[in-house]
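Descriptive analysis of the structure
The primary structure of each chain is shown beneath.
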Amino acid sequence: MLELPPLSLYIHIPWCVRKCPYCDFNSHESPGAIPELDYVAALLKDFHQELPQIQNRTLHSVFIGGGTPSLLSGKSIAALLDGIEKSVGFSDHIEITLEANPGTAEAKKFAEFHSAGINRLSLGIQSFDDRHLLALGRIHNAVEARLAIDFARAAGFDNLNLDIMYGLPRQSPDQAVDDLQTACELEPSHLSWYQLTLEPNTLFFRRPPALPAEDSLEQIRIHGMAALANKNFQQYEVSAFSRPSRLSAHNVNYWQFGDYLGIGTGAHGKQTDPGNGQIRRTRKIRQPAHYLQSDVSYMAEAVAVDPDQRPLEFLMNTLRLKRGFTTQLFESRTGLPFSTIEKKVEYLISKNFLVKNGDNIVASDRGYLLLNSLLEEFL
């Protein structure tokens, strides 16, 4: 039977100083001062339109992403969070994350973010090598990356994620692992370590740079995983590594097929309604100018997920987690009996793509490396 899962909130801030050539997110270069007061007002109106979807739940987590959310002032972030909390309760141990670009880092502003209620900061470091930062079109250098971490700690942030990319243009395996080891030595609570990919509608896709060959990427993965384990970072998702008990609550809710509201330009959401047996996915107006001018509804699209599609959507998320899923979670989050996928699961266990770990069904080491092929079995 379909049950009501935990609820998170994603808030999208669309502006950035400069669009990175690899970025396919809904981000827009700011021509100057951004209309943050008007945008915060629009976000709160957008949120109020979502209140019927909350169904008496408190918010489990909030994630402010972009774009570059750290372009906003601490005062605007405080007004936004205050307005949301007045409309709906926050859970006792709510995780509230803000993404920040080291190129926009200021000690005073980070302290204001912390005072506003942000308790987890995610810094888009990407590399500690100036040559690679330049190739990625980042607006910060290695010195500024380290300064941003210092500012965050001085502001009181003890829950800190660093984004690090590998497979960068002309990057050697040693350089990639050096970046990761530097990040580990700076002792964040969480690391997002992922490979650069060429996404459609990006400059890098139109003009591909010279990227490392597959054998180099494999060396990076092998030595990088060893470095992470040596520093006591535990992998809990494909590209997410944390200190013990420092998993990202927001991201885990995504991967467990939980619910989330999305507000802001182009923000996506997923909501469950056990009353009518529906799961729906939503998307908001994409262009900032249109979003700011809206006086009726911010919704661009709301589509029910067909029951036939729910197993694949559930597995695309949960099998990314090292702990996988239980039959109970499958049934409560999809509203379908486990028998819907049971024969296929048993077949994949027999082929060593999946394994049973107590009550959990998880991808084997082989299955984890071939996750896309594993998921194709459920098409």
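Residue numbers here run from 1 along each chain, matching the order of that chain's written sequence. Note on the predicted model: pLDDT of at least 70 is required for a residue's local features to be given, and 80 or more for side-chain atom pairs to be given and counted; whole-chain, interface and lining totals, by contrast, use all residues. Excluding hydrogens and water, the side-chain values take into account all heavy atoms of the structure.

**Quick notes on the overall build of the protein chain**
Per the convention used, a helix needs a DSSP run of H or I reaching at least four residues, while a strand needs a run of E reaching at least two, with both numbered from the N terminus. Scanning the protein chain from terminus to terminus reveals 15 helices and 17 strands. If one aligns the C-alpha atoms of the protein chain with their principal axes, the spans along those axes are about 55 × 55 × 40 Å. Residue burial in the protein chain is summarised as follows: out of 379 residues, 53% are buried. Residues are treated as being in contact if the distance between any of their heavy atoms lies within 4.5 Å. Expressed as a percentage of contacts within the protein chain between residues at least 6 apart in sequence, the contacts between residues at least 24 apart total 71%. When a residue's accessible area, from a 1.4 Å probe over protein chains only, is under 20% of the maximum for its type it is buried; when over 50% it is exposed; and in between it is partly exposed.

**Digging into the pairing of strand β9 (residues 234-237)**
Note on pairing: DSSP must find at least two bridges between two strands before they are called paired. Summarising the sheet, β9 and strand β10 (residues 240-242) pair through three bridges and their orientation is antiparallel. Bridging across to β10, Q234 finds its partner in S242.

**Here we look at the side chain of S61**
Tracing the backbone shows S61 in strand β4 (residues 59-66). Nitrogen and oxygen atoms within 3.5 Å of one another constitute a polar contact, given that in protein one can donate a hydrogen and the other can accept it, and given that sequence-neighbouring residues count only through two side-chain atoms. A distance of 2.7 Å separates polar atoms of two side chains, one belonging to S61 and the other to S8. Discounting residues that sit within four places of it in the chain, S61 has contacts with L7, S8, L9, I94, E95, A249 and H250.

**Notes on helix α5 (residues 142-154)**
Expected helix span is taken as 1.5 Å per residue step, with the number of steps being one fewer than the number of residues. Its 13 residues place the ends of α5 19 Å apart at the C-alpha level, agreeing with the 18 Å of an ideal helix rising 1.5 Å per residue. Looking only at α5, the buried set comprises A142, A145, A148, I149 and A152. With its buried residues spanning 115° around the axis, α5 presents them on a single face. Opposite its buried face, α5 presents the exposed residues V143 and A154, each directed more than 90 degrees away. On its buried side, α5 packs onto α3 (107-116), β6 (120-126), α4 (130-135) and β7 (160-166). N-capping of α5 is provided by N141, with a side-chain oxygen placed 3.1 Å from the backbone N of V143. Just beyond α5, the residue with positive phi is G156, at close to 110°. Our arc is simply the arc of the directions from the helix axis toward the C-beta atoms.

**Digging into helix α11 (residues 310-318)**
Given 3.6 residues per helical turn, the α-helix brings residues three or four places apart onto the same face. Judged by how many residues are buried, α11 sits mostly within the fold: seven of nine residues are covered. Burial in α11 covers these residues: R310, P311, L312, F314, L315, N317 and T318. On its buried face, α11 is in contact with α9 (249-255), β13 (278-284), β15 (325-326), α12 (327-334), α13 (339-350) and α15 (371-376).

**Describing the sheet that holds strand β16 (residues 354-357)**
Reading across from one edge, β15-β17-β16 is the order of the three strands in this open sheet, with antiparallel pairing throughout. Edge positions in the open sheet fall to β15 and β16, since each of these has one partner strand only. Examined bridge by bridge, β15 and strand β17 (residues 360-363) share two bridges and lie antiparallel to one another. When the sheet's bridge partners are listed, F325 is paired in β17 with I361.

**Some details on unusual backbone geometry**
Going from G66 to G67, the amide bond is cis rather than trans, its omega being 25°. Its place among the elements puts G67 in the loop between β4 and α2 (74-87). Positive phi is not limited to glycine here, since N56 has a value of about 65°. Note on placement: N56 falls in the loop between α1 (36-50) and β4. The phi dihedral of N201 is positive, around 65°, even though this residue is not glycine.

**Remarks on the pattern of salt bridges**
Two side chains with opposite charge may pair up if their charged atoms get near one another. By definition, a salt bridge exists where a carboxyl oxygen of Asp or Glu is found within 4 Å of a side-chain nitrogen of Lys or Arg. This model, assessed by the stated rule, comprises twelve salt bridges. We note a salt bridge from E50 to K284, for which the minimum N-O separation is 2.8 Å. In this pair, E50 sits in helix α1 while K284 sits in strand β13, placing the two residues 234 residues apart along the sequence. Judged by relative accessible area, K284 falls into the buried class, the value being 1%. In this structure, D259 engages R57 in a salt bridge whose closest nitrogen and oxygen atoms are separated by 3.0 Å. With D259 in strand β11 (residues 259-263) and R57 in the loop between α1 and β4, the pair connects residues that are 202 residues apart, well separated along the chain. As far as burial versus exposure is concerned, D259 and R57 are alike and both buried. Among the charged side chains, a salt-bridge network with shared partners connects D46, E50 and K284.

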